[in-house]
Amino acid sequence: MKVVQRILAGLLFLSIVSFVVLGGHFYIAQRMVFDPGLEGGWRVTALVAIALGLVCMLSSPFVERSVGPPWSRVVGWPASIWMGVAFLFLVVLGAGDALRWILGGVAYAAGNELPPFETSARVQAWVSFVVVAVAGTVAVASALRPPRLAKVEIRLARWPRALDGFRIAQLSDIHIGPLRDRRFSQHLTERVNALGADLVCVTGDLVDGSARLLADEVAPFGGLRARLGAYFVTGNHDHYSGADSWVRVVERLGLVPLRNRHVVLEQEGTRFTLAGVDDHRGGFGDGQREDLGRALDGRDPALPVLLLAHDPNTFKRASSSGIDLQLSGHTHGGQIWPFVHLVRLVEPFVAGRYSRNGAELYVSRGTGFWGPPMRLFSPAEITEITLRSD
């Protein structure tokens, strides 16, 4: 019965996504081509560009999962760039429609004559093109530059004085696959190792794609070094890509997966608990998803608890379960403004620090990107977290 429900839910989701994608492309064509009255070669060029962008977007997921790098990137790059461009067009054109409606209402109320529809449509199309071109260029440049180092200091009431100054290097939402490759893995490994952290934590969404095609792309992460080791929890994209297979790859690289379990770590003769949970969207092929109770079961209540959970929403439950600090990712900080405002509708913890029930949460903006190679007002980060005893 659950299998049937998942299939039906998947079909419903695909139907909604298809409607939105096709409807969105028709809207872009209407506002950028038909309404302004483009003719001749300009009309054909614009319509062909929109159609090719749509085809690339629809075919990219299938190509990425059947053909390995570098050929998958021949489709992946244009598809991903167009995804971001289309999103920006929808935002800018929607704002333009709202502005035209408001100005038209004001002009009508004042008794002023409205400009011809085609004239205002041409102005809107040209302004939209310029805004999208500038914003898209800035966003691509931001996404492709090396992640910034975000330094965060967090005081914990139960953190031992002997471990005051304990440093954690956090990577999250790296998304090795369609666009990011082995070179990015190597770059991150070198950057993290240069920090000389006490602990390395990878909080999910390591990959986008099967282990069969991408295992070699993540191989440099086998070089991650920290005094107490490197630990990993799954994210939703790791599950979409086959979590069991990827966990085996991660283990061979020397990272320790925490799948709904905890370990006790010791430094300077002082111990603490490090726990981790699978993403709650798990269950794709391996049947395992978040089980917070199991992860914390049997722990020593006298020891402080650091929890790794890909989705910050886990904090709603974990903050009342005796943890001291949760590290998460998932949201990318919205990645492309103004998408961050949509993220907040379903995810109250978008980026940065939060507190609840005496527990602390830090949400990374992500180290890579997903979908469009764009970041607008939400820069990628490698996070260095310093823990202080209160």
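The structure presented is a predicted model; accordingly, all values stated were derived computationally and were not measured.

Reading guide: rules and limits
- Residues numbered from 1 in each chain as written.
- Predicted model: local features only at pLDDT ≥ 70, side-chain atom pairs only at ≥ 80, totals over all residues.
- Heavy atoms only, no water.
- Patch = residues over 30% accessible without salt bridge, like charges linked within 9 Å, V, L, I, M, F, W, Y side chains within 5 Å.
- Areas by Shrake-Rupley, 256 points an atom, 1.4 Å probe, with all protein chains shown as cover.
- Salt bridge = Lys/Arg side-chain N within 4 Å of Asp/Glu carboxyl O.
- Helix = DSSP H or I, 4+ residues; strand = E, 2+ residues; numbered from the N terminus.
- Buried < 20%, exposed > 50% of the residue type's maximum accessible area, 1.4 Å probe, protein only.
- Phe/Tyr/Trp six-rings, centres within 6.5 Å; stacked < 30°, edge-to-face > 60°.
- Lys NZ or Arg CZ within 6 Å of the ring centre and 35° of its normal.
- Polar contact = N/O pair within 3.5 Å; in protein donor to acceptor, adjacent residues only side chain to side chain.
- Contact = heavy atoms within 4.5 Å.
- Core = buried A, V, L, I, M, F, W, Y, C linked by side-chain atoms within 4.5 Å.
- Pairing = 2+ DSSP bridges.

A. Spotlight on a nonpolar patch on the surface. Taken together, Ile7, Leu8, Leu11, Phe13, Leu14 and Val17 make up a surface patch of nonpolar side chains, about 590 Å² in accessible area. Within the secondary structure, Leu8 is located in helix H1 (residues 2–34).

B. Structural view of the pattern of salt bridges. Tallying each qualifying case throughout the model produces 20 salt bridges. Of the charged contacts, one joins Arg158 and Asp324 as a salt bridge, the two residues approaching to 2.9 Å between their closest N and O atoms. Of the two residues, Arg158 is situated in the loop between strand S1 (148–156) and strand S2 (166–171) and Asp324 in the loop between helix H10 (315–318) and strand S9 (325–328); the sequence distance between them amounts to 166 residues. Classification of Arg158 by relative accessible area gives partly exposed; the value is 35%. Here the residues in one salt-bridge network are Arg31, Asp35 and Asp97, joined through shared partners.

C. Seen up close, the packing of aromatic side chains. The tally for this structure, following the rule as stated, stands at eight aromatic pairs. The structure contains a cluster of three or more aromatic residues connected by ring pairs, namely Trp159, Phe166 and Phe272. Directly above the ring of Phe184 sits Arg180, whose terminal nitrogen or CZ lies 3.9 Å from the centroid.

D. Main features of the side chain of Glu360. Examined against the element boundaries, Glu360 turns out to sit in strand S11 (residues 359–363). Among the polar contacts made by the side chain of Glu360, one reaches the side chain of Ser355 at a distance of 2.9 Å. Setting aside residues no more than four positions away along its own chain, Glu360 makes contact with Ile154, Arg155, Leu156, Phe315, Asp324, Leu325, Gln326, Arg353, Tyr354 and Ser355.

E. The nonpolar core, seen in detail. Core analysis: the largest hydrophobic core is formed by 28 residues, its most contacted members being Ile174, Leu206, Val218, Phe221 and Leu255. Among the secondary structure elements, those contributing two or more residues to this core are S2, helix H5 (182–195), strand S3 (199–203), helix H6 (211–214), strand S4 (230–233) and helix H8 (243–253). The dominant element in this core, judged by the number of residues it contributes, is H8, at five residues. Once you skip the residues sitting within four places of it in the chain, Ile174 turns out to touch Arg180, Phe184, Leu188, Val202, Gly204, Asp205, Leu206, Phe221, Thr367, Gly368 and Phe369. In this structure, Leu228, Val233, Leu274 and Ile385 belong to the second largest nonpolar core, which totals 25 residues.

F. Region of interest: the pairing of strand S7 (residues 270–276). Here S7 lies mainly inside the structure; six of its seven residues are buried. In terms of strand pairing, strand S6 (residues 261–267) meets S7 through seven bridges, oriented antiparallel. The residue of S7 that forms the bridge with Leu265 is Phe272. Counting the residues in the hairpin turn of S6 and S7 gives two residues, including Glu268, whose phi is positive at 55°. The pairing of S7 with strand S8 (residues 305–308) spans four bridges and is parallel. Within the sheet, the bridge partner assigned to Gly276 lies in S8 and is Leu308.

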